[in-house]
Amino acid sequence: MIDTDALPQVRRVLTAIPGPKSAEMLKRRTEATSGGLGMAFPVIVEKAHDAILLDIDGNQIIDLGSGIGVTNVGNSAPRVVERVLKQVREFTHTNFTTAPYENYIEVCEWLNKNTPGTFAKKSLLVNSGAEAVENAIKIARHFTKRQAVVVFEHAYHGRTNLTMALTAKNMPYKEGFGPFAPEIYRMPLPYPYRYEGDVANITSESLEHVTHKIEKEIGAKNVAAILIEPIIGEGGFIVPPKGFLPGLQKFANENGILFIADEVQSGFARTGHLFACEEEGVVPDLVTTAKGIGGGLPLAAVTGRADVMDSSHISGLGGTYGGNPLACAAALGVFETIEEDGLVARAQAIGEILSTRLNEIKSKYSVIGEVRGRGAMQAIELIKPGTKDPNPEAMAKVIKYCQQNGVLILTAGTYANVIRFLPPLVITDELLRDALDVLEAGFATL
Ligand code: PLZ
């Protein structure tokens, strides 16, 4: 196997962040690249392996974001690199709908077998999470011959025109980018930390509320699909209360509505299951995957009931690059790594370290309102002490401190007050503990 483990897995901060070379190149970035692009961590990356990013000033940064939940198997994971190198020498592209090839089929076979549900399944490969969600909606509408799509508060499903409409948050995702696609209906999402009623009844009350709204405002028979992230990602790692997803699934099944789980962020061993919906035995009709599936190469998929996936006429689905052979080679390397290195169990172990430590930090710093998540998908929500008012200022200070000390941590949340942890599942305990020490020191400076 190719040895890509060339970077020692240790944090090393040699300069201010950004260092002088990065600062210089970031000027070129500003001049050459669209002003619409954000930047969470201001350095230029030279190299990355597993959970360490090396920048052009020689700083080694601990990666607790995995490129937004993508490099779950680590950056440049050996099995991914090996398979991609072999594939790039053989052929780079034919287009699967022009002249098919084996690794696209193998990826689909693996997904059909490993996504929830034992019924006959089929898959479609595309390039990005947004494209997977768009296709899932296209397929659901075609199959049900219905148009309405139900989505939830705090949802994130992408940045294309249809997926902007499916996404909840205006700023920065939608502001000024309309008009948006029609026939999208947004329902209240039970957010346990911010629930105003009696939290003991949150599941039954929320299900009652949502199903009542669907029946009265849309008409259940007009709904093609209910689309939900089993754990809300960009919206702040909100875990729906126990029973909510199974209740929605039941309502969908009883009303001929397809239940679509968007596992783009929560999927691929991240939560201590291969897919987050497994926690409660939820079996969606369709699942969308992306991010972690390609180990860093652009790949996404829709997988689900064979009868649904086959309902389109021939050539109704497709695209030039979807399931490109290099991305499929990478995905096969990802599957192998997850299975052979036991990364589902590893996500659970990381989750224990994370939640134990984050709860300890919470007990010392009253700006932390809640620690939540599952497995290696955990977050903390920051509030003004003594209230539940969002505290984005404290979040920005802590994140800045972590940056200056060589730890990359991402944020999230409708109220811009959530710090989220999505470490590569190959991160060592030592590196994770070191990063959490830095985080705690960040809270101490507040
Ligand atoms: N569905 C659940 O989390 C992507 C967005 C980053 P694409 N989330 C990261 C950003 O700021 O653009 C995401 C997701 C869920 C769909 C998507 C969209 O996936 O691969 O970014 O299109």
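Residues numbered from 1 in each chain as written. Predicted model: local features only at pLDDT ≥ 70, side-chain atom pairs only at ≥ 80, totals over all residues. Heavy atoms only, no water.

Thoughts on the site of the ligand
Taken together, 14 residues are adjacent to the ligand, and Gly129, Ala130, Arg159, Asp262 and Gln265 come closest. Here an oxygen atom of the ligand and a backbone polar atom of glycine 129 are 2.8 Å apart. The separation between a nitrogen atom of the ligand and a polar side-chain atom of glutamate 234 is 3.3 Å. When the free accessible area of the ligand is taken as 510 Å², the share hidden by the protein chains comes to 82%. For the shell around the ligand, the per-class residue count stands at four nonpolar, five polar and five charged. (Near = heavy atom within 4 Å. Polar contact = N/O pair within 3.5 Å; in protein donor to acceptor, adjacent residues only side chain to side chain. Areas by Shrake-Rupley, 256 points an atom, 1.4 Å probe, with all protein chains shown as cover. Nonpolar A, V, L, I, M, F, W, Y, C, P; charged D, E, K, R; others polar.)

Here we look at the side chain of serine 266
For serine 266, the position within the fold is in the loop between β8 (258-262) and β9 (286-289). According to the relative accessible area criterion, serine 266 is buried, its value standing at 1%. Engagement of the side chain of serine 266 in a polar contact is seen with the side chain of glutamate 263, the distance being 2.7 Å. Residues within four places of serine 266 in sequence aside, it is in contact with Pro230, Ile231, Thr271, Ala276 and Met377. (Helix = DSSP H or I, 4+ residues; strand = E, 2+ residues; numbered from the N terminus. Buried < 20%, exposed > 50% of the residue type's maximum accessible area, 1.4 Å probe, protein only. Contact = heavy atoms within 4.5 Å.)

A closer look at the packing of aromatic side chains
If you walk through the whole model with that rule in mind, you get 11 aromatic pairs. Measuring from centroid to centroid gives 6.3 Å for tyrosine 101 and tyrosine 104, while their planes differ by 80°, and the two rings are edge-to-face. Each ring, one from tyrosine 156 and one from tyrosine 173, has its centre 4.8 Å from the other, and the planes form 70°; the classification is edge-to-face. One end of the pair, tyrosine 156, is in the loop between β5 (148-152) and α6 (161-166); the other, tyrosine 173, is in the loop between α6 and β6 (184-187), and 17 residues separate them in sequence. Judged by its relative accessible area of 19%, tyrosine 156 falls in the buried class. The exposure class assigned to tyrosine 173 is buried, which follows from its relative accessible area of 11%. Through successive ring pairs, a cluster of aromatic residues spans Phe91, Phe96, Tyr101 and Tyr104. Taking the ring centre of phenylalanine 180 as reference, the NZ or CZ of lysine 174 above it sits at 5.3 Å. We note lysine 388 situated over the ring of tyrosine 193; from NZ or CZ to the ring centre the distance is 4.4 Å. (Phe/Tyr/Trp six-rings, centres within 6.5 Å; stacked < 30°, edge-to-face > 60°. Lys NZ or Arg CZ within 6 Å of the ring centre and 35° of its normal.)

Here's the deal with the nonpolar core
Ile419, Phe421, Leu439 and Phe443 are the most contacted members of the largest nonpolar core, which totals 90 residues. By residue number, the principal contributor to this core is helix α10 (residues 325-340), which donates nine residues. Each of domain 1 (20-63 + 342-444) and domain 2 (80-340) accounts for three or more of the residues forming this core. Discounting residues that sit within four places of it in the chain, phenylalanine 443 has contacts with Ile361, Tyr365, Val367, Ile368, Ile380, Leu382, Val398 and Ile419. In this structure, Tyr191, Ile214, Ala220 and Phe244 belong to the second largest nonpolar core, which totals 28 residues. (Core = buried A, V, L, I, M, F, W, Y, C linked by side-chain atoms within 4.5 Å. Domains from an automatic or database assignment.)

As for unusual backbone geometry
Cis geometry is adopted by the peptide bond preceding proline 18, which originates at isoleucine 17 and carries an omega value of 0°. Along the chain, proline 18 turns up in the segment before α1 (20-32). Glycine 178 connects to proline 179 through a cis peptide bond whose omega is 5°. Looking at the element boundaries, proline 179 is found in the loop between α6 and β6. One non-glycine residue, aspartate 50, lies in the positive phi region at around 50°. Overall, the relative accessible area of 17% leaves aspartate 50 in the buried class. You will see that phenylalanine 237, though not glycine, has its phi angle at about 55°, which is positive. On the secondary structure map, phenylalanine 237 appears in the loop between β7 (223-228) and α8 (244-254). By relative accessible area, phenylalanine 237 is classed as buried at 0%.

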